[in-house]
Amino acid sequence: MLRPLPRPAPRHSASLFHPISQLSFLRAARMLKWINPDELAAMIKSDKVPMHDYCIVDVRDDDWRGGNIKGSFNSPSHDFLHKVDDLVERTKAVPTVIFHCALSQVRGPKAARIYSETRDILQSKGEDTPHEVYVLRGGFQDFQAKFRDDPQLVENWDKEVWGTELSI
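As the structure is a prediction and not an experimental result, all values here were calculated from the model.

> Even after reading the chapter, I still don't get the overall build of the protein, so can you show me in this structure?
Helix and strand counts for the protein come out as six helices and seven strands. Listing every helix and strand of the protein by position from the N terminus yields α-β-α-β-β-β-α-β-α-β-α-β-α. In the protein, buried positions account for 46% of the 168 residues. Of the contacts formed within the protein by residues at least 6 apart in sequence, a portion of 69% connects residues at least 24 apart.

And the structure:
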């Protein structure tokens, strides 16, 4: 049975997540489900409806400027822990939730884990529906490098921020 972890008050902007050991974080990261940029692009371009069939949560902070995945919404990592319950309430009927940050190495996976644990607890009480939580492999950096010229997939892209040498 999953138990909620204590929610510490943030000490500074980098300390938004539960204090966990490096080993337990690595174990949790292996249990996450991943989606690659091509799979996400296919989902966005399919007949699936954002915020009904899926939602994309971008947990970048100030580095959110310069572009985003179309239809995603920004939930900055610096206050994610304090807003996770609101996010769960807002997305509780959404069966697929995808998280990412710039590279999806730390902030995206941590947010996905916290969100998933929160929804799993509700589901175990019969207060939520089955759901899948994914992390975008390579984060926005890989996604924008591949799809920045496709207005169905990327919006607000700024060459000044990303340059042109970051392509896959």
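> Whenever I open this one, the pairing of strand β2 (residues 54-58) confuses me. Can you help?
The two faces of the sheet receive side chains in turn, since in a regular strand these alternate between them. Among the five residues that make up β2, five are buried, leaving the element largely enclosed by the rest of the structure. Along β2, one buried face is formed by Tyr54, Ile56 and Asp58 and the opposite face, lined by Cys55 and Val57, is buried too. Note: β2 against strand β5 (residues 96-100), five bridges, orientation parallel. Across the sheet, Cys55 pairs through a bridge with Val97, a residue of β5.

> Is there a simple way to think about the pairing of β5 in this case?
Among the five residues in β5, five count as buried, and that is most of the element. Where burial is concerned, the two faces of β5 agree: the one with Thr96, Ile98 and His100 and the one with Val97 and Phe99 are both buried. Handedness of the crossover joining β5 and strand β6 (residues 132-136) through helix α4 (residues 107-124): right-handed.

> Sorry if this is basic, but what is going on with helix α2 (residues 37-45) here?
Three or four residues apart is the spacing at which side chains of an α-helix point the same way, because the helix has 3.6 residues per turn. Residues of α2 that are buried include every one of Pro37, Leu40, Ala41, Met43 and Ile44, and no others. Across the axial projection of α2, the buried residues extend over an arc of 160°, all falling on one side. Structurally, α2 contributes buried residues whose contacts are with β1 (33-35), β2, β3 (68-69), β5, β6 and α5 (139-147). For α2, the side-chain oxygen to backbone nitrogen distance between the N-cap and Asp38 is 2.9 Å, and the N-cap itself is Asn36.

> How should I be thinking about the nonpolar core in this particular structure?
Across soluble globular proteins, you tend to see nonpolar side chains buried next to one another. The biggest cluster of nonpolar side chains holds 21 residues, and the ones touching the most others in it are Val57, Val59, Phe80, Leu87, Val97, Phe99 and Tyr115. Listing elements by their share of this core, those giving two or more residues are β2, α3 (80-91), β5, α4 and β6. Apart from residues no more than four positions distant in its own chain, Val57 is found in contact with Phe73, Ser75, Leu87, Val97, Ile98, Phe99 and His100.

> In this structure, what is going on with the pattern of salt bridges? I would like to understand it.
Pairing between side chains becomes possible if they bear opposite charge and their charged atoms approach one another. Per the stated rule, a full pass over the model turns up ten salt bridges. Here Arg60 ties to Asp58 by a salt bridge, and the two come within 2.7 Å at their closest N and O atoms. Classification of Arg60 as buried rests on a relative accessible area of 0%. According to the relative accessible area criterion, Asp58 is buried, its value standing at 0%. Three or more residues are tied together by salt bridges with common partners; here these are Asp61, Asp63 and Arg107.

> Would you explain the sheet that holds β6 in this entry?
Each strand in a sheet pairs with another by means of backbone hydrogen bonds, the pair being arranged parallel or else antiparallel. The strand order across the open sheet formed by five strands is β1-β6-β5-β2-β4, and the pairing between neighbours is parallel. Each having just a single partner strand, β1 and β4 (73-74) make up the two edges of the open sheet.

> How should unusual backbone geometry be read in this particular structure?
The bulk of non-glycine residues show a negative phi, and the bulk of peptide bonds are trans. Even without being glycine, Met51 reaches a positive phi, approximately 65°. In this fold, Met51 is placed in the loop between α2 and β2. In this structure, Asn156 is a non-glycine residue whose phi angle is positive, near 60°. Within the fold, Asn156 resides in the loop between β7 (154-155) and α6 (159-162).

> Sorry if this is basic, but what is going on with the packing of aromatic side chains here?
The relative placement of two aromatic rings is captured by the distance of their centres and the angle of their planes. In total, this model carries three aromatic pairs according to the counting rule given. Of the aromatic side chains, those joined through ring pairs into one cluster are Phe80, Phe99 and Tyr115. Cation over ring: Arg90 sits above Phe73, and NZ or CZ is 4.3 Å from the ring centre.

Reading the values: rules and limits
Residues numbered from 1 in each chain as written. Predicted model: local features only at pLDDT ≥ 70, side-chain atom pairs only at ≥ 80, totals over all residues. Heavy atoms only, no water. Helix = DSSP H or I, 4+ residues; strand = E, 2+ residues; numbered from the N terminus. Buried < 20%, exposed > 50% of the residue type's maximum accessible area, 1.4 Å probe, protein only. Contact = heavy atoms within 4.5 Å. Pairing = 2+ DSSP bridges. Right-handed = clockwise from strand over helix to strand, strands pointing away. Arc of directions from axis to C-beta. Polar contact = N/O pair within 3.5 Å; in protein donor to acceptor, adjacent residues only side chain to side chain. Core = buried A, V, L, I, M, F, W, Y, C linked by side-chain atoms within 4.5 Å. Salt bridge = Lys/Arg side-chain N within 4 Å of Asp/Glu carboxyl O. Phe/Tyr/Trp six-rings, centres within 6.5 Å; stacked < 30°, edge-to-face > 60°. Lys NZ or Arg CZ within 6 Å of the ring centre and 35° of its normal.

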